[in-house]
Amino acid sequence: MSLPVMGMSCASCVGRVEKALGRVEGVTKASVNLATERAEIAVDRRIDPVVLVKAIEDAGYAVPGHRVELAIDGMSCASCVGRVEKALLAVPGVTAASVNLACERASVTTGPSVHEADLVAAVASAGYEARTVTGDEGGEAQAARKQAEQTALARDVAIAAVLTLPVFVLEMGSHLVPAIHDLVMATIGMRASWYLQFVLTTVVLFWPGLRFFRIGLPALARGGPDMNSLVAVGTLAAWSYSVVATFAPQLLPTGTVNVYFEAAAVIVTLILIGRYLEARARGRTSEAIKRLVKLQPKTARVQRDGSSVAVPLSQIVVGDLVDVRPGERVAVDGEVVAGSSFVDESMITGEPVPVEKTDGTKVVGGTVNHTGNFTFRATAVGAETTLAQIIRMVEEAQGSKLPIQALVDRVTLWFVPAVMLAAALTFLVWLLFGPDPAVSFALVNAVAVLIIACPCAMGLATPTSIMVGTGRGAEMGVLFRKGEALQSLKDARVVALDKTGTLTEGRPVLTDMETTGGHEADAVLTLVAAVETKSEHPIARAIVEAATARNLTLPALANFESVTGYGVRAEAGGHRVEIGADRFMAGLGLDVGPFAAVAERLGGEGKSPLYAAIDGRLAAIIAVADPIKATTPTAIAALHDLGLMVVMITGDNRRTADAIGRRLGIDEVVAEVLPDGKVAAVRDLKRRHSRLAFVGDGINDAPALAEADVGIAIGTGTDIAIEAADVVLMSGSLRGVPNAIALSHATIRNIRQNLFWAFAYNTALIPVAAGVLYPAFGLLLSPVLAASAMAMSSVFVLGNALRLRRFRAPMSDGGRQPGELA
């Protein structure tokens, strides 16, 4: 047996865990690995893992739980969500369970003693079907299952509509159109009309409408009624009353012999139509995931035994050489080893400009090659590719719950029982105090209450917006690793930015070079770069890279000397070259005055100038700096437009940091911060300014990313930083920060609109359905209208959520205002 163990820090911890496990009866050997944090246990009999876990915990260590993803069938409203969660949490060993109605998934955190079969059985005991999610469940298999469900609903809607139409015409047409009443009476007569309605309605209820009874009545019997229970009880009440009126009218009080077959049939038909529209809309909410899955090609051309052969994607292994031709998609992640081209990475990063790929550059699976040919070596395949990780992140974010959902879940768990109680009270009040025929009024109004109050819209309000919002974010290159970040990011008042690699490119480059009269720039750069090849300083490397980029040929070098604290000197190409600070030039007797204005400008920009002398004459002033990314100024302006305060945290000296802060319009600069001081800086900013988002990209940013209310990692940064973050920007551009914040605002606003509609709809219409307007205005809400309104409320919520697919980000090109929905 194998168990993960957390909390070990040294060899003595290993000994304690092994000793604790060795004392468990039946354990013959226990071997604990500190590096992998796992205990391998040999046993001579069947041992309950709970006993082993307890032994480890008693020794002072922990055994972490593992996550199980379940697909749940049969849920129809928010109360279903609450019951499934309650059933899962009742399983011994389950520590957390989160159920999402929109994507019909349950994410369960369990201890090692819990088997997946236990979870499936628990869901079944609550009246629903569950199965563990396999590797392809998020892709084609799930799409096929959803399509089959949608097809079945379409068929049932068609059958129900065809059979309901004659019932509606016979009954309601006779009431509303005298000519239809006369025609019915003159031909088949009222009694035969009722018999025909009985036959057609019975078929509607117990063929396409059977799903409501098959799920709703057992749920009612278990004491856990759901939306299906409301529909089943309402339609069954109307149908049963009508059957008695048709076949045994003598059992009913005088004046109450009426039939409501059309109400039962129309209710089933309308709710089936609503379900069908829901199914179509739900399919569209997960289109972002479908599009991501489709980015993966089915096959790729791999070099095997000296030739290029097409192989399925699943057969590519790390180290394979893969050929990519013009117009083809890159199959997996890798590194170019031959050829060159431009690759469109917009589907991964959200950046529209194709990226040049040459020897040594990385390529990402799913991206599209343009006109060139190249070969790359596979470095990540299967679940380890960037695209697979993006899909996994988006699925996890879509399946998560926001804090705003907690209230909804608490309310809706008790909502259906409360509605049934309200319907019972409605029936009694109308029966006791209503006008004649009291039984008919009582029945109609009680059925209307049952039908109108189905909490479908409540259950769909939050998860559908999360699904569409996170999917839209993925299309823009903004990945919400945690759904909660959608809500937290909206509340951020301050955005703190790491400088190196976030605001800047993260590597020094030659930014400025001006020469004196008589010296040609390339000639000076050739000699300076030749001298700097002997230095390992980052500034020296930047100068050499600048010369290489200009294809300059560097001359031979002799007599290299480093003058500590001043600079370097050497002979290059027959010339004496000296490079260093102004004090080095002064020591050589050279006046740097001609460059005074340039030096002052460079100092104001936070750059430290260097000087070069050739053959004893001042030749040039040079500045090397970590350049600010081209997108940084506009991104900071967009953050200000969103009403946010922008802070820069950097280890640079105060003068340089303030100069960069002034250039970019940053509100506050926290300078000279050591790597371990970033967390303290973040805490101080949170204390002074409330909620804070921190943006970083390096290993030393990981603690600060975790400390912030929302951590945003630049996707081109390190894996450690990305793992510590709540949001990942795949493009490496700061433009993703205002985009993510604006999307957060739009999504939460969308959720609030949905919740307002769902709650306001139920709150307003339940009393109307119960008949409170009848005494004053003589108005009653027909069960048919109630069913129509209920179905449309869910469709409205889904339609509103789908508007997020047309979200326009602040940093995108388009005519709409930032954050506006189409």
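Residues numbered from 1 in each chain as written. Predicted model: local features only at pLDDT ≥ 70, side-chain atom pairs only at ≥ 80, totals over all residues. Heavy atoms only, no water.

Naming follows an unreviewed UniProt entry, where the protein chain appears as Heavy metal translocating P-type ATPase of Jiella pelagia. In its Sequence similarities (unreviewed entry) section, UniProt records this for the protein chain: "Belongs to the cation transport ATPase (P-type) (TC 3.A.3) family. Type IB subfamily." (UniProt positions renumbered as here; feature names shortened; annotations may be inferred.)

(A) Inspection of the pairing of strand S20 (residues 557–563) at higher detail. Of the strand pairs in this sheet, S20 and strand S21 (residues 567–572) are connected by five bridges, and their pairing is antiparallel. Across the sheet, residue Leu557 finds its bridge partner in S21, namely Ala572. Hairpin connection, S20 to S21: the antiparallel pair is bridged by three residues, and Gly565 has positive phi, about 85°. (Pairing = 2+ DSSP bridges. Helix = DSSP H or I, 4+ residues; strand = E, 2+ residues; numbered from the N terminus.)

(B) The arrangement of the packing of aromatic side chains in detail. All told, the structure shown has 13 aromatic pairs when counted by the stated rule. Between the aromatic rings of Phe374 and Phe376, the centroid separation amounts to 6.4 Å while the plane-to-plane angle is 45°, which identifies the pairing as tilted. Phe376 shares its class with Phe374; the two are buried. Taken together, a centroid distance of 6.4 Å and an interplanar angle of 40° make the contact between Phe595 and Tyr611 tilted. Of the two residues, Phe595 sits in the loop between helix H22 (582–587) and helix H23 (596–604) while Tyr611 sits in strand S23 (residues 609–614), which places them 16 residues apart along the sequence. Each member of the pair, Phe595 as well as Tyr611, is classed as buried. Among the aromatic residues, ring-to-ring pairing joins Tyr195, Phe198, Phe206, Phe213, Trp239, Phe247 and Phe261 into one connected group. The ring of Tyr566 is capped by Arg583, whose NZ or CZ atom sits 5.7 Å from the centre of that ring. (Phe/Tyr/Trp six-rings, centres within 6.5 Å; stacked < 30°, edge-to-face > 60°. Buried < 20%, exposed > 50% of the residue type's maximum accessible area, 1.4 Å probe, protein only. Lys NZ or Arg CZ within 6 Å of the ring centre and 35° of its normal.)

(C) Fine view of a nonpolar patch on the surface. Together, Leu421, Leu425, Leu428, Val429, Leu431, Leu432 and Phe433 line one region of the surface with nonpolar side chains, adding up to about 720 Å² of accessible area. For Val429, a relative accessible area of 46% gives the class partly exposed. (Patch = residues over 30% accessible without salt bridge, like charges linked within 9 Å, V, L, I, M, F, W, Y side chains within 5 Å. Areas by Shrake-Rupley, 256 points an atom, 1.4 Å probe, with all protein chains shown as cover. Salt bridge = Lys/Arg side-chain N within 4 Å of Asp/Glu carboxyl O.)

(D) Local environment of the sheet that holds strand S3 (residues 38–43). Taken in spatial order, the three strands line up as S1-S3-S2 in an open sheet, and their pairing is antiparallel. What marks the edges here is a single partner per strand, and that holds for strand S1 (2–4) and strand S2 (27–33). Averaged over all pairs of adjacent strands, the angle between their axes in this sheet comes to 20°, without regard to strand direction. Strand direction decides the pairing type here: S1 and S3, joined by three bridges, are antiparallel. The residue of S3 that forms the bridge with Pro4 is Arg38. Helix H1 (residues 11–22) contacts S2 and S3 of the sheet and is inclined by roughly 160° relative to S2. (Axes fitted to C-alpha atoms, helices over the stretch in contact; angles between N-to-C directions. Contact = heavy atoms within 4.5 Å.)

(E) Representation of the UniProt feature "transmembrane region" (unreviewed entry) in the protein chain within the structure. Per the UniProt record, the feature "transmembrane region" (unreviewed entry) sits at residues 152–172, 192–210, 230–252, 258–277, 411–433, 439–462, 755–774 and 780–802. Here residues 152–172 is 100% helix and 0% strand, with 29 Å between the C-alpha atoms at its ends. Between the end C-alpha atoms of residues 258–277 the distance is 33 Å, and the span holds 85% helix and 0% strand.

(F) Structural detail: the sheet that holds strand S12 (residues 341–344). Strand order in the open sheet formed by three strands is S13-S12-S15, with antiparallel pairing between adjacent strands. Of all the strands in the sheet, just strand S13 (355–357) and strand S15 (368–369) have a single pairing partner and so form its edges. Note: S12 against S13, three bridges, orientation antiparallel. From the neighbouring strand, Val343 faces S13, where its bridge partner is Val355.

(G) Structural view of the packing of helix H16 (residues 438–452) against helix H29 (residues 736–770). With their axes 8 Å apart at the nearest point, H16 and H29 run at an angle of 170° to one another. Judged on the interaxial angle alone, H29 and H16 are roughly antiparallel. Together, Asn445, Ala448, Val449 and Ile452 of H16 and Tyr761, Asn762, Leu765, Ile766, Ala769 and Ala770 of H29 make up the contact between the two elements. Its residues assigned to classes, the contact of H16 with H29 shows eight nonpolar, two polar and no charged. (Parallel < 35°, antiparallel > 145°, perpendicular 65-115°, else oblique. Nonpolar A, V, L, I, M, F, W, Y, C, P; charged D, E, K, R; others polar.)

(H) Quick peek at the pairing of S12. Across two bridges, S12 lies against S15 in antiparallel orientation. Bridge pairing links Val343 to Asn369 in S15.

(I) The arrangement of H23 in detail. Considered for burial, the residues of H23 that qualify are Val598, Ala599, Leu602 and Gly603. What you see down the axis of H23 is that its buried residues fit within an arc of 135°, all on one side. Turned more than 90 degrees off the buried face of H23, the exposed positions are Ala597 and Glu600. In this structure, the buried side of H23 is in contact with strand S19 (509–515), S23, strand S24 (617–625) and helix H25 (654–664). Just past H23, the residue Gly606 takes up positive phi, approximately 80°. (Arc of directions from axis to C-beta.)

(J) The environment of Asp641, seen in detail. Residue placement: Asp641 occurs in helix H24 (residues 632–641). A relative accessible area of 69% places Asp641 in the exposed class. Spatially, the C-alpha atom of Asp641 lies 9.2 Å from that of Pro810, the residues being 169 residues apart in sequence.

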